[in-house]
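Examination of the molecular architecture
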2 protein chains.
Amino acid sequence: MDNAAYANELAESMIRAKRELRTVPGEKRDAVLRRVAAALRERKAGILAENAKDVEAARGKLSDVMLDRLALNDRRVDDMAKGVEQIAAFRDPVGAVLDSRVTEDGLKISKVSVPLGAIFFIYESRPNVTIDGAALCLKAGDAVILRGGKESLRSCVALANVVREALEAEGISPDAVRLVDRPDHEIVSMLLKRGDALDVVIPRGGERLIRAVVEQSVVPVLKHYKGICHVYVDRDADMAKVLPIVVNAKAQRPSVCNAMETLLVDRALGAEKTREILDALKAANVEIVGDEEIRKIDPSVGAATDEDWDTEYLALKLSAKVVDGVDGAIAHIEAHSSGHTESILTENAATAEKFLARVDSSSVMHNASTRFSDGGMYGLGAEVGISTDKLHARGPMGVDSLTSYKWVVRGNGQIRK
Amino acid sequence: MDNAAYANELAESMIRAKRELRTVPGEKRDAVLRRVAAALRERKAGILAENAKDVEAARGKLSDVMLDRLALNDRRVDDMAKGVEQIAAFRDPVGAVLDSRVTEDGLKISKVSVPLGAIFFIYESRPNVTIDGAALCLKAGDAVILRGGKESLRSCVALANVVREALEAEGISPDAVRLVDRPDHEIVSMLLKRGDALDVVIPRGGERLIRAVVEQSVVPVLKHYKGICHVYVDRDADMAKVLPIVVNAKAQRPSVCNAMETLLVDRALGAEKTREILDALKAANVEIVGDEEIRKIDPSVGAATDEDWDTEYLALKLSAKVVDGVDGAIAHIEAHSSGHTESILTENAATAEKFLARVDSSSVMHNASTRFSDGGMYGLGAEVGISTDKLHARGPMGVDSLTSYKWVVRGNGQIRK
């Protein structure tokens, strides 16, 4: 089969699979997920053996960080299984009555949550996203095409097969979960034109991957470019709160998108307190680059370039800048934020409310660490990802974001006058 | 200014305008709308004079139907003013607390509706969409770029100026509402690449226009390709309900997207009842084309081609087909529906529920006319349009669909453990 025929077959199988899944009850979808969890544990040795082949083949070609992302081990497979069980235990997102009314002439109108349909999940080297993505989609009653990184193909095939066999064991067509098992990019490009078969694309990975998907796709995209999160320390901040929050926002887990990347300090806070903040960060092994004014306060700080204000380090590094009060902070954020999460630290309620109202990011915070921006914290259950878009879902996306709704109208012969 | 500079200036003005509008309170936005309504009435003569020039210039170039869409008159301007007042009277869609919780460590988390930001509204010949689109966007706190058909440019300029002056009178920058006053398509193409400035595109018009927008845009699109609505008459239907519903669904207002385009009749209903339905439609001046079996029942019916099953007539014409029960109806709908609205007519509750569950359209109905698929009927207030997408908004879209939300987190020094 050539790539065009292959892509077509994948898309057509989604049209069939989403029709079938639409009416599979939640208990049955959860039973599939519990089977997946059990099979992951039972077949761990086989999965790890396939993964070892991927790691072996990638050695020397990938960085150590990427190799670590690619590698599975006992604990990581157990974590996947646990994750799937947690998804199974969550309430069914399908069939919820979101709104209802009875019209004057007796029509009963209700808005009911339904699966989105078919999802195209594109991701990079972590093979566990295969399980995570498939489980979230099945929870929401969606069929899914999974497309992992080519270096993790053997691992992804082994994991996808676990899910497909669990579907079959529950009497559901295994084609509810398909894996693109050819590396060619043109297959992805062809699928992105299949607005007739696919309802949404979710690309997870670097900004370049995501921009390429958006550029090509006629299918709507749920996306997250990057997280350039800011913490602004206002003149009226309480240093007893500032120091722990700033260190937590940057250093608790620097590799994630809700970690702080830029620290903004009010000029009116003064040199002494600013130095205290910088010292606390340095004590937490954070490398700091700053603007001229920061470097006057602490000459040991490196010089920030223009690029730094738009850089997501995902590491123990941050950029720091002196601004003129909350208006200066908002202006900097408007110019450089990725719309993810920004926090203001102040004891002045009016200043805080101004910041919360004017900053247009998916999460805006007062006296809290940006690290709280998370689906679990927000009570959304399993997290599908983070959206920096404003349509459909914004910020942390729960499994509800993989559903749509339809209007169900029950009448008794009514006609429109 | 060349077109590239012009498009850039439009996009940049949206970035500024949405920042300003974000914090303009609802009362003030409503005051703008009431000023617009008053000015439309006061300045009717001038608006009609500009419109007359458009109509004059288009005469001979546009069909009579298109000329009628282009033309304004006393009543149409009054209707616009009334429409704007209705939008002003509706509740503020911004600032609603959609969800809230307090975490164990005392973080107050709320999900609050906010304006989407900047909207790009593309439409065809009806100049009244200028007012309608601007009013809906302002109601939701959104800035908007309006782009009407080139044949209605003078009318659109006159109408957009009414809105811009109303904004200024309330101390808001008039650039919250911009009109593309050059006809060049490349300006549209350039704007569709400005994902940094624009948050959503809403194209209204023919399917070709909409597909071209989707193909080019990196900005998310809210769209409605077409409405191929089906009515399925089941073997267990009550003819006393069937005849009025079928005639209403097709003939009450044939030019709208929720009118029936295809009638599906259960084979088991029998020739006599089927003939009765066809006769009722013919009595309402409906032209029918049918498959072979329909033509055996009524030889006066024309022959349907393959294309007919995918055609939105928007006229007193429909296609009719005999199917094998509800499964046959669902199979035909799955192959040909545009996902807008489908209705089943039956007294058998189990058959009805099967249809409602399995048909994946934005509205599914039982014993009711497809004409009820409408934002007003569903209690959504002013209607922005209809979405046949599944992301963000599906089916009739109220002004809420022009909002997004953000997460507001209020803490007291919390850090993540």
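The rules we used
- Residues numbered from 1 in each chain as written.
- Chains lettered and ligands numbered in written order.
- Predicted model: local features only at pLDDT ≥ 70, side-chain atom pairs only at ≥ 80, totals over all residues.
- Pairing = 2+ DSSP bridges.
- Helix = DSSP H or I, 4+ residues; strand = E, 2+ residues; numbered from the N terminus.
- Least-squares fit on C-alpha atoms with pLDDT ≥ 70 in both.
- Contact = placed C-beta atoms within 7 Å.
- Buried ≥ 20, exposed ≤ 12 C-beta atoms within 10 Å, placed from the backbone.
- Domains from an automatic or database assignment.

**Re the sheet that holds strand β7 (residues 229–233) of chain B**
- Pairing in this open sheet of ten strands is mixed, and the strands run β1(A)-β2(A)-β16(A)-β13(B)-β12(B)-β7(B)-β8(B)-β11(B)-β9(B)-β10(B) from one edge to the other. Of all strands in the sheet, those with a lone pairing partner are β1 (97–102) of chain A together with β10 (302–303) of chain B, marking the two edges.
- Across five bridges, the pairing between β7 of chain B and strand β8 (residues 260–266) of chain B is parallel. Bridge pairing in β8 of chain B links Y232 of chain B to L264 of chain B.

**What about the relation of the copies chain A and chain B?**
- Its rotation angle being 180°, the transformation that places chain A on chain B also includes 0.0 Å of axial translation and leaves an RMSD of 0.0 Å. Each copy turns onto its partner about a two-fold axis. Residue H392 of chain A, judged by its C-alpha, is the member of chain A lying nearest the rotation axis, at 1.8 Å.
- Both copies share a contact surface, since 100% of the interface residues of chain A are interface residues in chain B too.

**Section: the pairing of strand β6 (residues 200–203) of chain B**
Residues and elements named next belong to chain B.
- Of the two faces of β6, the one carrying V200 and I202 and the one carrying V201 and P203 are both buried.
- Summarising the sheet, strand β3 (residues 118–122) and β6 pair through four bridges and their orientation is parallel. Considered in β6, the bridge of F120 is made with V201.

**Remarks on unusual backbone geometry**
- With a phi angle near 75°, H392 of chain A is a residue other than glycine that sits in the positive phi range.
- With respect to the element layout, H392 of chain A can be found in the loop between β14 (385–387) and β15 (395–397).
- With 20 C-beta atoms counted inside 10 Å, the residue H392 of chain A sits in the buried group.
- Even without a glycine there, the phi angle at N285 of chain B is positive, about 65°.
- Along the polypeptide, N285 of chain B turns up in the loop between α11 (271–283) and β9 (287–290).
- For N285 of chain B, a count of 11 C-beta atoms within 10 Å translates into the label exposed.

**Things to note about the domain arrangement of chain A**
- The assigned domain composition of chain A is domain 1 (3–223 + 395–410) and domain 2 (229–372).
- For domain 1 of chain A and domain 2 of chain A, the distance between their C-alpha centroids amounts to 36 Å.

**What about the pairing of strand β16 (residues 403–414) of chain B?**
- Most of β16 of chain B sits out of view: ten of its twelve residues are buried.
- Alignment of strand β13 (residues 363–368) of chain A against β16 of chain B, held across five bridges, turns out to be parallel. Of the residues in β16 of chain B, the one forming a bridge with H366 of chain A is R410 of chain B.
- Here eight bridges tie strand β2 (residues 108–115) of chain B to β16 of chain B, and the two strands are oriented antiparallel to one another. Bridge pairing links S113 of chain B to Y405 of chain B in β16 of chain B.

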